[in-house]
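Chain residues, written in single-letter form:
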Amino acid sequence: MGERELHYADALNEALDICMRRDERVILMGLGAPDVSGIFGSTTGLLEKHGPERVFETPISENAMTGVLLGAGLVGIRPVMTHVRQEFAMPAMEQIVNQAAKWHYMFGGQASVPMVMRMIIGRGWGQGSQHSQSMHAWFAHVPGLRVLLPATPYDAKGLLISAIEDENPVVILEHRWLYKTFGPVPEGHYRVPIGEPNLIHPGKDVTIVSSSYMTLEATKAVRSLADDGVEAELIDLRSIQPLDDAMILESVRKTGRLVVCDHANRNASFAAEIITRVVEQALDTLKAPPVRITLPHSPTPTTRALSNYYYPTDGHIVAAAKRLMGLPSEDPFASVAPEDTLDVPDPSFTGPF
Amino acid sequence: MFRTLLRIRRVEERLVALYPEQQIRCPTHFSIGQEAVAAGVCAHLSAKDLAMSAHRSHAHYLAKGGDLKAMVAELYGKATGCARGKGGSMHLIDRSVGFLGCVPIVGSTIPIAVGASFGSRLLGNSATTTIFFGDGAAETGVFAETLSFAALHKLPVLFVCENNLYSVLTPQSERQPHGRRIVDVAAGLGVPGEQVDGQDVETVFDVAGQMISRIRDGGGPGFLEFLTYRYLEHCGPLDDTRLGYRPPGEFEDWLERDPVRIETERLIAEKLIDAKAIERLESELALEIDDAVEFAQASPFPERAEMDASVFA
Ligand SMILES: Cc1ncc(C[n+]2csc(CCOP(=O)(O)OP(=O)(O)O)c2C)c(N)n1
């Protein structure tokens, strides 16, 4: 019997449905959560199944609604809030950072805030400066928040279930380009433990650490590196706060080479945190300086002419790994033209997005 | 004013037609159906006066005197665009005519515009500032916070709320308490105003004219809530009436009150324009739009070095 496969969006949908069926305190709210587009399909049908008391629209008042959700969490509700773009949660940073993240600690552990904030990372088709950032490093910087970055449909479902069942505020960042990916997803309830990275591919030559959409690019990179005789080990972070780094350290101790891929701007990125941990704990095993593959340190341009040069690809990962191996490599952007249409994941993906 | 109204309509209709060619590759929000507000309000503003908008801003940019060629080029992501291609449809700017910019984060330009007005006052100039936004933006925290500040300092700012009943697919009734008018909320925050028909450009013109003179005379901030309607989908060029989120008949009722049609019929009835003159105007506009589209298509994309340019001033 083959394993059942689902889209990432459907995996999320199933996680929500299961949690709402198992626990009637779970509610779902946010701009567009109950409407026909259903947060790219991830909430479709839930209103019909669970009713308007538990699945509802909110005003465009993100900061207030986050506080409302926090308050509801304090008295026993388990809210899930959706943001169609991560940027739409930016007005709520006060409630997220000052309130939700600190509540448990600041009151001596007497209360907790079991709430989930789903945020979607936009990208492609000219999403531009205010619709395509990934601020996971910000959130990871704040003590008291859990920060999840599921890369596969399996993890999307399992991590969302873990998030909803967790007693803490959780930020879960879903990359828009992952929504149509397809992969094995078991039926029913299961959890992916928060904090454990996932060994996607074993190898002995170079360690590649990635998360979210970059894990797809890294998977492609691992395949082409194999063609060149380089055995790369690929670790997907899944969760960056908390993060058990034992697997990464063990891998680097074996390979001596590290490439970290991060779909965020370079400066103070989460990639820097990974490299720091490795340098602190396994410097003596490094055969070459670790490499960060990130977005440049500029806001996202809207025009495809520039976004074609903005996003690193599997080619960049391959080039970096080869450099670490002392093999010849070339600049993957060299063959890119401004007219190319690289700002979409596949040709079926058309505007307006 | 009629020219502005018709021009905005024809420009957007052309963009709608071009969108499927996949050369305009950015989220694009059309204001077809809502043009009378921009045309009527901006008719009172000079290039010295300032204006800002949000994600649905083509009409405001054009009515304020923004450069059509630069706008179309911006949508095409070209180096000749008003934001050098880096912004796209949701980030239009033309400082030469006082259009200070627009962004897609709902509500975010309301305080920025008020800041511009505050700054103008500090600099001692007589410019007014107009901020265009939707009914949804009235739900943001910054809306209330900013109106209070504007009222406190009696700033020369005009708040223009285009109430098109919807925020994406959600009607106002699901987001705001029943029976409460946005203009009354504004009044409660210290910014008095009126709720007005936004489909009749002459009504818009008259009401805005009185309000802007009051503001210019030092009367403090004013608020206009225009009742209007968006014909196309929230984002993109398609008719979305089949999605079923609009009550049956609503769209047709609003079509009856199409701003371009109302004004055309009035001008004809009053013999201020005839079929010939309209034809002439239409062909002028068509040529101008052809030109702008050709300009955009022929323009180069930004060079790769533009990526890091202007991260810092
Ligand atoms: C802070 C924030 N939350 C949510 C969104 C998503 N969003 C984009 S436009 C829009 C609707 C805004 O409605 P309104 O202000 O009435 O303007 P309209 O689209 O009707 O012109 C929403 C919710 C956003 N851009 N910013």
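Check the entry above for the structure.
Residues numbered from 1 in each chain as written. Chains lettered and ligands numbered in written order. Predicted model: local features only at pLDDT ≥ 70, side-chain atom pairs only at ≥ 80, totals over all residues. Heavy atoms only, no water.

K.L.:
Explain the interface of chain B and chain A here, please?
P.N.:
How big an interface is tends to be reported as the loss of accessible area on association of its parts. Counting residues at the interface gives 40 residues for chain B, matched by 38 residues for chain A. Interface area, chain B with chain A, both sides summed: about 3,100 Å², of which 64% is carbon and sulfur. Connecting chain B to chain A are 1 salt bridge. When the shortest N-O distance is used, the salt bridge between B:Arg25 and A:Asp343 registers 2.8 Å. Residues belonging to the side of chain B that touches chain A are distributed by class as follows: 18 nonpolar, 12 polar and 10 charged. (Contact = heavy atoms within 4.5 Å. Buried area = accessible area lost by both parts, 1.4 Å probe. Salt bridge = Lys/Arg side-chain N within 4 Å of Asp/Glu carboxyl O. Nonpolar A, V, L, I, M, F, W, Y, C, P; charged D, E, K, R; others polar.)

K.L.:
Please explain the site of the ligand as it appears in this structure.
P.N.:
Around the ligand, a shell composed of 19 residues is seen, among which A:Glu62, B:His55, B:Arg56, B:Pro104 and B:Gly136 lie nearest. Bordering the ligand are residues originating from chains A and B. The separation between an oxygen atom of the ligand and a polar side-chain atom of B:His55 is 2.8 Å. Coverage of the ligand by the protein chains reaches 95% of its 580 Å² of free accessible surface. In terms of residue class, the shell around the ligand is made up of 10 nonpolar, 6 polar and 3 charged. (Near = heavy atom within 4 Å. Polar contact = N/O pair within 3.5 Å; in protein donor to acceptor, adjacent residues only side chain to side chain. Areas by Shrake-Rupley, 256 points an atom, 1.4 Å probe, with all protein chains shown as cover.)

K.L.:
Hey, could you run me through the sheet that holds strand β13 (residues 258-265) of chain A in this one?
P.N.:
Consider a sheet: its strands pair through backbone hydrogen bonds, and that pairing is either parallel or antiparallel. Residues and elements named next belong to chain A. The 5 strands are arranged β9-β11-β10-β13-β14 in an open sheet whose pairing can be described as mixed. Two strands in the sheet have a free side with no partner beyond their single neighbour: β9 (198-201) and β14 (291-295). Taking each pair of neighbouring strands and ignoring which way they run, the sheet shows an average axis angle of 25 degrees. As defined by bridge partners, strand β10 (residues 206-210) adjoins strand β11 (residues 232-236) across 5 bridges and the pair is classed as parallel. Residue pairing in the sheet places valine 209 in a bridge with isoleucine 235 of β11. With respect to the sheet, helix α11 (residues 270-282) is in contact with β10, β13 and β14, its orientation differing from that of β13 by roughly 155 degrees. The strands touched by helix α13 (residues 314-324) within the sheet are β10, β13 and β14, with β13 carrying the most contacts at an inclination of about 150 degrees. (Pairing = 2+ DSSP bridges. Helix = DSSP H or I, 4+ residues; strand = E, 2+ residues; numbered from the N terminus. Axes fitted to C-alpha atoms, helices over the stretch in contact; angles between N-to-C directions.)

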